Amino acid sequence: MLTKFETKSNRVKGLSFHSKRPWILASLHSGVIQLWDYRMGTLIDRFDEHDGPVRGVHFHKSQPLFVSGGDDYKIKVWNYKMHRCLFTLLGHLDYIRTVQFHHEYPWIVSASDDQTIRIWNWQSRTCISVLTGHNHYVMCASFHPKEDLVVSASLDQTVRVWDIGALRKKTVSPADDILRLSQMNTDLFGGVDAVVKYVLEGHDRGVNWAAFHPTLPLIVSGADDRQVKLWRMNDTKAWEVDTLRGHMNNVSCVMFHAKQDIIVSNSEDKSIRVWDVTRRTGLQTFRREHDRFWILASHPEMNLLAAGHDSGMIVFKLERERPAFAVSGDSLFYAKDRFLRYYEFSTQRDTQIIPIRRPGSTALNQSPRTLSYSPTENAVLICSDVDGGSYELFVIPKDSIGRGDSVQDSRRGVGGSAVFVARNRFAVLDKSSNQVLVKNLNNEIVKKSALPLVADAIFYAGTGNLLCRAEDRVVIFDLQQRMILGDLQTPFIKYVVWSNDMESVALLSKHAIIIASKKLVHQCTLHETIRVKSGAWDDNGVFIYTTLNHIKYCLPNGDGGIIRTLDVPIYITKVSGNTIFCLDRDGKNKALIIDATEYIFKLSLFKKRYDHVMSMIRSSQLCGQAMIAYLQQKGFPEVALHFVKDERTRFNLALESGNIQIAVASATAIDEKDHWYRLGVEALRQGNAGIVEYAYQKTKNFERLSFLYLVTGNMEKLSKMLKIAEVKNDVMGQFHNALYLGNVRERVKILENVGHLPLAYITASVHGLKEDAERLAAELGDNLPTLPEGKVPSLLMPPTPVMCGGDWPLLRVMKGIFEGGLDNIARGTEDEDDEAADGDWGEELDMVDVDGLQNGDVTAILEDREGAEENEEEGGWDLEDLELPPEADTPRASVNTRSSVFVAPTPGMPVSQIWIQRSSLAAEHAAAGNFDTAMRLLNRQLGIKNFAPLRSMFLDLHTGSHSYLRAFSSTPVISLAVERGWKESASPNVRGPPALVFSFSLLEEKLKAGYKATTAGKFSDALRLFLSILHTIPLVVVESRREVDEVKELIIIVKEYVLGLQMELKRREVKDNPVRQQELAAYFTHCNLQLPHLRLALLNAMTVCYKAKNLATAANFARRLLETNPTIENQAKTARQVLQAAERNMTDAAQLNYDFRNPFVVCGATYVPIYRGQKDVSCPYCSSRFIPSQEGQICTVCDLAVVGADASGLLCSPAQIR
């Protein structure tokens, strides 16, 4: 049983499939009718007008209607498009059990607990017949699919068959008078429209269901005596054929399967049973834990069934419908019915080869699942689920293709899946031992291989390789070397499709497609909401696949889309050009023609094959929002521009592609403030001052206009702006414009007018306007502001603009790949070689060339040469005919290349790039400004992850290795590379490595300074110096191997000091914890320090321990201090005194985590001893040691590297690389 869809709800009493759409109606015991889409798994609608349980429901075959009947004695007819009940049919006097539309006439048949069956006309909304005769509840009634019969089942233990032929005749020709007479009799004495044809008696209890066979004269019934009975009928009588026993409780519903010779029944014993009609035996049973079954429904056209139970319903199939097939070159081998068939794609010839199924094996799900073909040996492997998984091997005689009658003997075997892995070898998966058996064509085992993971299926993956599938991953396994070649985490994979060149593979799961390379390197994943069914690769490397209702594509970059919709699912076998070859569920071969334009267009864009893109834009009808959005998203707005008519979209695309002309046209058409503003921003970016000015004028943006005139040096218009501000009475605007113009008198006047007299006075007196200043001083009287003494005022004048007036010079650019070609579409395709002729990109700029011609007229010079002879009488150029050799020898290119246009030389490779190419030294990459690769190198070599401390050094290296020259104000600054060890005699073309600001000698000086600070007891300063050495070493480059060793030695020295000083500073913080203070002082003495510093550390530790009454430990430090022969007498004297005091009382007041007899190193993060033999991890750069829990953290000593990371080691000299 293959469950396709399941719902959880109240008890389901009625079900009906829609004949065309993937919909099912479920009527519930709660009175609600649900409409589900079983393909998408979504609830579309619910109808709840019934009072009490709804037991019957049925879709109309062609109208958007369904009918329902419930315990409220009502029959309701609904229109699902209008989401409402159209009308209610009243007449029954008790619960209504079932309702059904007639397949042809406008009739509804209903069965009720009032012991009658009624037939209604839903167009006239009347009851046209009442069938009486049962003497207990009528549990179901249904029309015969073809004849004028109704079958009904009742709790009076009978099944009745009624003939409604008279009713049909009356409906067809109701005009006869006789019929009118009989109509009167009907009203008086009860009708004769429907007569009982047969009464079938045989059940011992009430009958719950009876149903006709779709084509044969058979009836099946199920009853409370737990039996299913099969009846046959002819024109005169009906009789019982057989009884099917097996259900443990009342049989609720029973029906014939439309496509196969089987009966499906369900029961209150919580099971669904499948019976063989011909043999009358049970085939299969499906059970539920807790839910009794009530109703069955079958799809009118597809191989689907549905069953309703106590807590919902299930939609299911009894068998897989996917035909097993294998494609080999131009041929397809597939299994259909009981034959292996062969199909040739090129000729579309379809032939039967050999019979494959044992005759008489009709069990369900025994059909072939997979097929594997070996073209050289012409052998076919067919796997099925028989005996829990088995395979059959057929070798097809060469001459039998096309005959298809010879019965072949097959070699069989048991195994999960079997596939050919070489010409004459196939692999079989043995699930019990999780190994692969490789067999030859005689079915003999040649080799066994244990699999590296628990696999439940194997697929072909190239000669000698297998793709093994587990629950959540797939691996490619090499059978020769017995090793994994590739591994990929995936959802559960159902099908595997290799591309023609075996370079790519598509892995299909239920709802996803994963594209990977042949080594299972992940390339992209596509997710689908609807089940994925099949797929194949086309010749361009695009993967075409089908879901239940679409054919779709997937490009190599992961973009996908829909090619067309499907009515029924298909299984793609091959894609060739724009033809898709496929098998449908009946095993028929079909060839579908598709429109591949969209995905070929996207593929050409992705592969940058712009010539294809151009020709497709010219010839095809590609447009639509989706395509425009796609082009925009992929960075081709200029292409999208040619598809669009909507002005707003055109405006956005024009701005994005920098096409000012179109943007101006669109902005004018739209004429909205926001669009003008955005146009101004883009025009300003391009330096097109005229358009910027126009845009600002349109939006009346006076502040920006004034500033624009200031930047472009347009004084005349600035003074106009001042007048406008005066007219508008905008004081700030007036003042700004006066400031921009440098007009001091105007500024004084404005300040005076608005009453800022002190400011006006200061402005006048600073700028030397004597009479104004005196006049204002008189007005101010005593409130005269004082000016600062001894300051020399400087004139506040606006800066002179770099470029006066006009637009900024634009580069002459050849048109983009698309521009010229796209313009040609509009002009009728002109010659494409002329694209460069009018190579103005963007607007036509009025640049004046040397000859005084506008730039568009450069071509005129060339063309005038040809017309020169006619001008001779005007005394033009003296051009005489030269005696030239024949034309073939003179290359014409010179004219076409427009020699009058200066062609800039191609730029060489920047020095910074040369530095990078040659070097694996991080410092040189940083100097070249390539911080990204520098960081990657440091990460690889030293495991460094925290680059914050190195930031300033990277910047110093970069700025230090370049020098900068200013030519003049309107050009950018020129940067020059500074090389290491440059000499006058050096060859100009050979580049040396970059000059670096950090050197080894510099570090040695810092080390001495660090020592000095330590001796003086300035521990914070010392720590800062030592840390800066540690941070600089990765960016130091030395020349010789000897110096490399010195650098490595320096790391160790500095690391010991950093650790020691960190502990000493920590000790000073923990004032309130004397034990921890002693421990830290003790560990400090075990750092590898210079002798004077070691003595100071020992003295310090001795003092701390002595004060804390830990005399034994203090004595140990005193002893070590004396062993160093201290030169300062005071130190030795103190040590001797401590020893004497301790010898009287060799005890410790507190227990310390410190054992000096046992060698140890100190953890750089937690400051606890790691004794010899204990596990530890170290920093890959400074080699400090840490307890294992610190692994993966940033090293606390150097603050750069990750503890325990893999690293290749310090690289600081070119000598190490040679």
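Throughout this description, residue numbers start from 1 for each chain and increase along the sequence as written. Since the coordinates come from a predicted model, pLDDT governs what is reported: local features require at least 70, and pairs of side-chain atoms require 80 or more to be given and counted, while whole-chain, interface and lining totals use all residues. Based on all heavy atoms of the structure, the side-chain values leave hydrogens and waters out of the count.

- As annotated in an unreviewed UniProt entry, the chain carries the name Coatomer subunit alpha and is attributed to Rhamnella rubrinervis.
- Under the UniProt heading Subunit (unreviewed entry), the note attached to the chain is "Oligomeric complex that consists of at least the alpha, beta, beta', gamma, delta, epsilon and zeta subunits." UniProt positions are given in the numbering used here, feature names are shortened, and annotations may be inferred rather than shown by experiment.

Regarding the packing of helix α10 (residues 689-698) against helix α11 (residues 702-712)
Think of two packed helices as two axes; the pair is described by the angle between the axes and how far apart they sit.
Thought 1: Every angle, taken between N-to-C directions, lies between 0 and 180 degrees, and every axis is a line fitted to C-alpha atoms, over only the stretch in contact when it is a helix. Runs of H or I in DSSP of at least four residues are treated as helices and runs of E of at least two as strands, each being numbered from the N terminus. Contact geometry for α10 and α11: axes closest at 9 Å, N-to-C directions at 160°. Relative to α11, α10 is oriented roughly antiparallel. Once α10 is placed against α11, the crossing between them reads as left-handed. Taking contact as the criterion, the partners of Ala689, Val692, Glu693, Tyr696 and Gln697 in α10 are, on α11, Arg704, Leu705, Leu708, Tyr709 and Thr712.
Thought 2: Here the residues of the contact of α10 with α11 are counted per class, giving six nonpolar, two polar and two charged. Note that the term roughly parallel is reserved for angles under 35 degrees, roughly antiparallel for angles over 145, roughly perpendicular for angles of 65 to 115, and oblique for everything else. Crossings are sorted by hand: turned counterclockwise from the far helix by less than a right angle, the near helix makes the crossing left-handed, and turned clockwise it makes it right-handed. Note on contacts: a residue pair is in contact if any heavy atoms of the two residues lie within 4.5 Å. When residues are grouped by polarity, Ala, Val, Leu, Ile, Met, Phe, Trp, Tyr, Cys and Pro land in nonpolar, Asp, Glu, Lys and Arg in charged, and all others, Gly among them, in polar.

Topic: the environment of Ser975
Thought 1: Among the structural elements, Ser975 can be located in strand β57 (residues 974-977).
Thought 2: Residue Ser975 is classed as partly exposed on the basis of its relative accessible area of 41%.
Thought 3: On a C-alpha basis, the gap between Ser975 and Thr959 in space is 10.0 Å, while along the polypeptide they are 16 residues apart.
Thought 4: The residues touching Ser975, leaving out its near neighbours within four places in the chain, are His962, Ser963 and Tyr964. Type-normalised accessible area, obtained with a 1.4 Å probe on protein chains alone, sets the label of each residue: buried when under 20%, exposed when over 50%, and partly exposed for intermediate values.

Considering empty space enclosed by the protein
Thought 1: Think of a 1 Å grid over the protein atoms and nothing else: a 1.4 Å probe that fits but is trapped marks a cavity, an open set flanked by protein within 12 Å on at least five of seven lines marks a pocket, and residues with an atom within 4 Å of a point count as lining. Grid points are joined across faces, edges and corners, and a volume is the space filled by probe spheres set on the points. Counted according to the given criterion, the structure contains two cavities of 30 Å³ or more.
Thought 2: Lining the largest cavity are Lys4, Tyr38, Arg39, Met302, Leu304, Lys317, Arg531, Leu548, Pro569 and Arg585.
Thought 3: Of the residues in the lining of the largest cavity, the class split is five nonpolar, no polar and five charged.
Thought 4: The space that makes up the second largest cavity amounts to roughly 50 Å³.
Thought 5: Taken together, the residues of the lining of the second largest cavity break down into six nonpolar, four polar and two charged.

Remarks on the UniProt feature "repeat: WD" (unreviewed entry) in the chain
Thought 1: The UniProt record annotates "repeat: WD" (unreviewed entry) at residues 47-88, 89-130, 131-164, 200-241 and 244-285.
Thought 2: Measuring from the first to the last C-alpha atom of residues 131-164 gives 10 Å, for a span that is 0% helix and 59% strand.

Re α10
Thought 1: Turning to α10, its buried residues number three or more, namely Ala689, Ile691, Val692, Glu693, Ala695 and Tyr696.
Thought 2: Lys700 lies just past α10 and shows a positive phi near 55°.

A few points about the packing of aromatic side chains
Thought 1: Only Phe, Tyr and Trp rings are paired, with Trp represented by its six-membered ring, and only when their centres lie within 6.5 Å; those with planes under 30 degrees apart are stacked, over 60 edge-to-face, the remainder tilted. All told, the structure shown has 32 aromatic pairs when counted by the stated rule.
Thought 2: Plain terms: the ring middles of Phe47 and Phe66 are 5.0 Å apart, the flat faces sit at 65° to each other, and that makes the pair edge-to-face. In this pair, Phe47 is assigned in strand β5 (residues 42-47) and Phe66 in strand β7 (residues 65-70), connecting sequence segments 19 residues apart.
Thought 3: Judged by its relative accessible area of 0%, Phe66 is buried.

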